[in-house]
Each structure stands twice: as structure tokens, then as C-alpha cells.
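The lines below spell out each chain.
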Amino acid sequence: MMNRSDVNPVGELTLRTLAMPADANAAGDIFGGWVMAQMDLACGIRAAERAKGRVVTAAVKEMSFAKPMKVGDTLCIYIDITKVGRTSMTLRVEAWAQRYLSDLMERVTHADFVMVALDGDGKPKAVPAEA
């Protein structure tokens, strides 16, 4: 694991959404699965833009939660495409909480997602070269 600070997000802001009561347990903590689903959505957006077409999630590398998300926090997902292979790409995904009615940003979790580009028949296809 790289030794780097958790002070500033790395990557491109790809998704912002509000954590609502329906996404929380009885204590007001947002479900980790909801955070992960938002990370997956953001990966789909960035990977589809890069692949110029359909993509699917092939793998999610280890994920642990450093801080809780609370109802009212804004979840900010940052993505950095770290590797592009022939049909797949690896995206470094960081989930940050902008605390309710505050400028405070705290990193909640991060993970590497592997996305695969697909053709119209659902078969892996080559990721085009960057323009």
C-alpha cells in the first residue's frame, strides 16, 4: 500500500450524492453496501467513458471502512484510472464524506475496481487507445 496522506482526494470527482435515512441503520450509520454500490456506479460512469461503451465490474479488491458515513453527509466518489489493459481497466476509487452542513471532508474507504469493456454481444472487447 502506498504511504500517502488522507488529507486530499486523489482522482476525478465522478459522483456526489446525499446519504439519506433509508440508506442507514437504526443508529444513523450509512450501510457499507450502499457506499460500495455508489462506488460501483461511479466506476461504471468513468470506465464506460474511457471504454467508449458498455462495461461490467469484474473485481473489487480489498475494502475496509476507516470512517462512518452519517445521514446528511454528502458522499463524494473520486476515481483515478491507474491501469488500462487490453479489455480491462483498474480504477482507484476513493469515497469521501463531506460532513453535514460542513466543509470537513473525510475519507471513508477506498478500493481498486477492475472493469471489463464489452461488445454488443456481451463479450470482452478491446479498450480503445486514449484520444
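Residues numbered from 1 in each chain as written. Predicted model: local features only at pLDDT ≥ 70, side-chain atom pairs only at ≥ 80, totals over all residues. Heavy atoms only, no water.

1. A closer look at the sheet that holds strand β1 (residues 12–18)
Spatial ordering of the open sheet is given by β1-β3-β4-β5-β2, a layout of 5 strands whose pairing is antiparallel. Each of the sheet's edge strands pairs with one partner strand only, and the pair in question is β1 and β2 (55–60). For this sheet the average axis-to-axis angle between neighbouring strands, irrespective of direction, equals 35°. Across 6 bridges, the pairing between β1 and strand β3 (residues 74–84) is antiparallel. (Pairing = 2+ DSSP bridges. Helix = DSSP H or I, 4+ residues; strand = E, 2+ residues; numbered from the N terminus. Axes fitted to C-alpha atoms, helices over the stretch in contact; angles between N-to-C directions.)

2. Comments concerning the nonpolar core
One finds Val-35, Met-39, Met-69, Ile-77, Leu-91 and Val-93 to be the most contacted residues of the largest nonpolar core, which totals 27 residues. For this core, the elements supplying multiple residues, two or more each, are α1 (32–51), β3, β4 (88–98) and β5 (105–117). Considering every element that reaches this core, the biggest residue donor is α1, with 7 residues. In contact with Leu-91, other than residues within four places in its own chain, are Cys-43, Arg-46, Ala-47, Ile-79, Asp-80, Ile-81, Thr-82, Ala-111, Asp-112, Phe-113 and Met-115. (Core = buried A, V, L, I, M, F, W, Y, C linked by side-chain atoms within 4.5 Å. Buried < 20%, exposed > 50% of the residue type's maximum accessible area, 1.4 Å probe, protein only. Contact = heavy atoms within 4.5 Å.)

3. Structural notes on the environment of Met-115
Mapped onto the secondary structure, Met-115 falls in strand β5. A C-alpha to C-alpha distance of 34 Å links Met-115 and Ser-102, two positions 13 residues apart in sequence. Residues in contact with Met-115, not counting those within four places in the same chain, are Cys-43, Gly-44, Ala-47, Val-55, Val-56, Thr-57, Ala-58, Thr-87, Ser-88, Met-89 and Leu-91.

4. Here's the deal with the pattern of salt bridges
One pass over the structure, following the stated rule, counts 7 salt bridges. A salt bridge links Lys-70 to Asp-29; the nearest nitrogen and oxygen atoms lie 2.6 Å apart. Here Lys-70, found in the loop between β2 and β3, pairs with Asp-29, found in the loop between β1 and α1; they are 41 residues apart in sequence, far enough to count as distant. Given a relative accessible area of 34%, Lys-70 falls into the partly exposed group. (Salt bridge = Lys/Arg side-chain N within 4 Å of Asp/Glu carboxyl O.)

5. Some thoughts on unusual backbone geometry
Despite not being glycine, Lys-52 has its phi angle at roughly 55°, a positive value. Positionally, Lys-52 belongs in the loop between α1 and β2. For Lys-52, a relative accessible area of 62% gives the class exposed. Positive phi, close to 55°, is recorded for Leu-101, a residue that is not glycine. Checked against the element boundaries, Leu-101 lands in the loop between β4 and β5. Leu-101 sits in the exposed class, given a relative accessible area of 76%.

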